[in-house]
Amino acid sequence: MVACGQVLACWTLLALLAGASADPARYDHFRLYRLLIETPAQVEMLQQLEKQSDSYAFMGHARQPNQNLTIMVAPHKIAEITELLQRYELQGSILLYNMQELIDREKATIKPKGTRPEEFGWQFYHHLDTINEWLRWQAGRHPELQLLELGASYENRSLYGVKLGTNPVNSGVFVECGIHAREWISPASCTFVLNELLTSDRPDVRRLADRFNWIIFPVVNPDGYRYTFEGDRLWRKNTQPYGLCRGVDLNRNFASDWNGPGASNDPCRYDFAGGSAASEPETRALVEFLERHVAQWRIRTYFSVHSFSQLVMFPYGYKVDRVPNYDDLVAIGRKGVDAIERAHGARYVSGAMIETIYPSSGDSVDWVYSALGVPVAYTFELRGPPDSTNMFVLPAEEIIPTAEELLAAFVAMLGEATRLGYYDGERQEL
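Residues numbered from 1 in each chain as written. Predicted model: local features only at pLDDT ≥ 70, side-chain atom pairs only at ≥ 80, totals over all residues. Heavy atoms only, no water.

- Under an unreviewed UniProt entry, the name given to the protein is Zinc carboxypeptidase A 1, and the organism recorded is Anopheles melas.
- What UniProt records for the protein under Function (unreviewed entry) is the sentence "Involved in the digestion of the blood meal."
- Reading the Cofactor (unreviewed entry) entry of the UniProt record for the protein gives the comment "Zn(2+)". (UniProt positions renumbered as here; feature names shortened; annotations may be inferred.)

Structure representation (structure tokens):
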């Protein structure tokens, strides 16, 4: 160890190291732009901009003309983006002038660490430990609820979930939430759905709880989720280092055309696919768990819950080929979006991933569909709309209506899948 001759310098370094997570990233005066790409030259310019500068955060990639794209721009690049928009005659609007204002307002809607599970609710967002403690508390209160603990994350945190239901004849529904750290509405909505399955007296919800066994993991990216509370609110990946950068997009890390379209081999990019398929401990934990239980627990449905853009999507994300049961998945998805609109008037769009949002490879839904043969597999992108000014910082007052929409979609989609014979050929109505 190097001796500290200059005590002040040593204390300063120690303070910086100790307080790293206490000095979170800020987004003061970061602007949000919504662009309409109309020409190949505009596509090429935006692709170069994304590749060359880390001062622009792209929500998706520039791929082709006749495409909308949202980007967040650092304040010292405002003059540059203004000049580029003019030079390339790129149409667009400013959705938001100061991202930090959203983040600061959100802080008042976060329940503090140490919140007792009896005080858990859906008017607030919750820390990781609070969610896990609430799961343990619920498992202790409901004999039909089994606490599940998967192998540790990169930072040695367990992935906690629950299994609801004890009838081995029932088909299983797997609900994966929180794989992208910044999408707080995902764990919030999934815990709401679990609570409704446990406590609701609505006949349609009771039928869901009685006729299916549910496996729900509210936060499958625990390190990243914790980091969004303490380090960077807009962090997406896990936290494993790769060279000077860190983090892998866990939803690009599965063995479904790994590192193909819509994924990056650059560790500094938000959609970095990792060192290899299932290179990340969180991905491996899910893969091994699903491989062990997909047949044993008769898992026939997989829902992956994300935000934002208000979409209900099915495979494939990495190729234009249509899945064998394409027409059925269109019908099931349509039932879901219709039910969502009836709930609170929100309009969602359904379709194959590559037709609906953008190409993506290495995602969980494509993998469970192709590798495990789970025939009813969907990715949800919850509120807000594609041109949302909130993006991943959805106001807490929207948690309950968003979660009610998700539950309504589950009721409708599982009902249609039952009618179509996906659960042991039974065509009874839910």
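As for the sheet that holds strand β6 (residues 159-164)
Neighbouring strands of a sheet are bound in pairs by backbone hydrogen bonds; such pairs are parallel or else antiparallel.
Move 1: The eight strands are arranged β5-β6-β8-β7-β11-β14-β12-β13 in an open sheet whose pairing can be described as mixed. Strands with a single pairing partner mark the edges of an open sheet, and in this sheet they are β5 (145-150) and β13 (349-352). Between one strand axis and the next, the sheet turns by 20 degrees as a mean value, whatever way the strands run.
Move 2: The pairing of β6 with strand β8 (residues 212-217) spans three bridges and is antiparallel. Bridge assignment links Lys163 to a residue of β8, and that residue is Ile215.
Move 3: Taken strand by strand, helix α13 (residues 399-419) contacts β7 (171-177), β8, β11 (299-307), β12 (311-314) and β14 (376-382), and its axis lies near 160 degrees from that of β14. (Pairing = 2+ DSSP bridges. Helix = DSSP H or I, 4+ residues; strand = E, 2+ residues; numbered from the N terminus. Axes fitted to C-alpha atoms, helices over the stretch in contact; angles between N-to-C directions. Contact = heavy atoms within 4.5 Å.)

Things to note about empty space enclosed by the protein
Move 1: Counting across every chain of the model gives one cavity of 30 Å³ or more.
Move 2: In this structure, the largest cavity occupies an estimated 50 Å³ of space.
Move 3: Around the largest cavity, the lining residues are Phe120, Gly121, Trp122, Phe124, Tyr125, His126, Ile131, Trp184, Pro187, Ala188, Thr191 and Tyr225.
Move 4: Ranked by residues supplied to the lining of the largest cavity, first place goes to helix α6 (residues 185-199) with three residues.
Move 5: For the lining of the largest cavity, a count of residues per class yields nine nonpolar, three polar and no charged. (1 Å grid on protein atoms, 1.4 Å probe; cavity = no way out; pocket = protein on both sides within 12 Å on 5 of 7 lines; lining within 4 Å. Points joined across faces, edges and corners; volume = space filled by probe spheres on them. Nonpolar A, V, L, I, M, F, W, Y, C, P; charged D, E, K, R; others polar.)

Let's talk about the pattern of salt bridges
Move 1: Under the criterion given, the structure shown has 21 salt bridges.
Move 2: Notably, a salt bridge pairs Glu405 with Arg383, separated by 2.5 Å at the nearest N-O pair. One end of the pair, Glu405, is in helix α13; the other, Arg383, is in the loop between β14 and α13, and 22 residues separate them in sequence. Of the two residues, Glu405 and Arg383, neither departs from the other in class, the shared state being buried. (Salt bridge = Lys/Arg side-chain N within 4 Å of Asp/Glu carboxyl O. Buried < 20%, exposed > 50% of the residue type's maximum accessible area, 1.4 Å probe, protein only.)

What to know about the sheet that holds strand β4 (residues 91-96)
Move 1: The sheet built from four strands is open, its strands ordered β2-β3-β1-β4 with antiparallel pairing. Every interior strand has two partners, whereas the edge strands, β2 (56-59) and β4, have only one. When the angles between neighbouring strand axes are averaged without regard to direction, this sheet yields 25 degrees.
Move 2: Looking at chain direction, β2 and strand β3 (residues 67-73) are connected through four bridges and run antiparallel.

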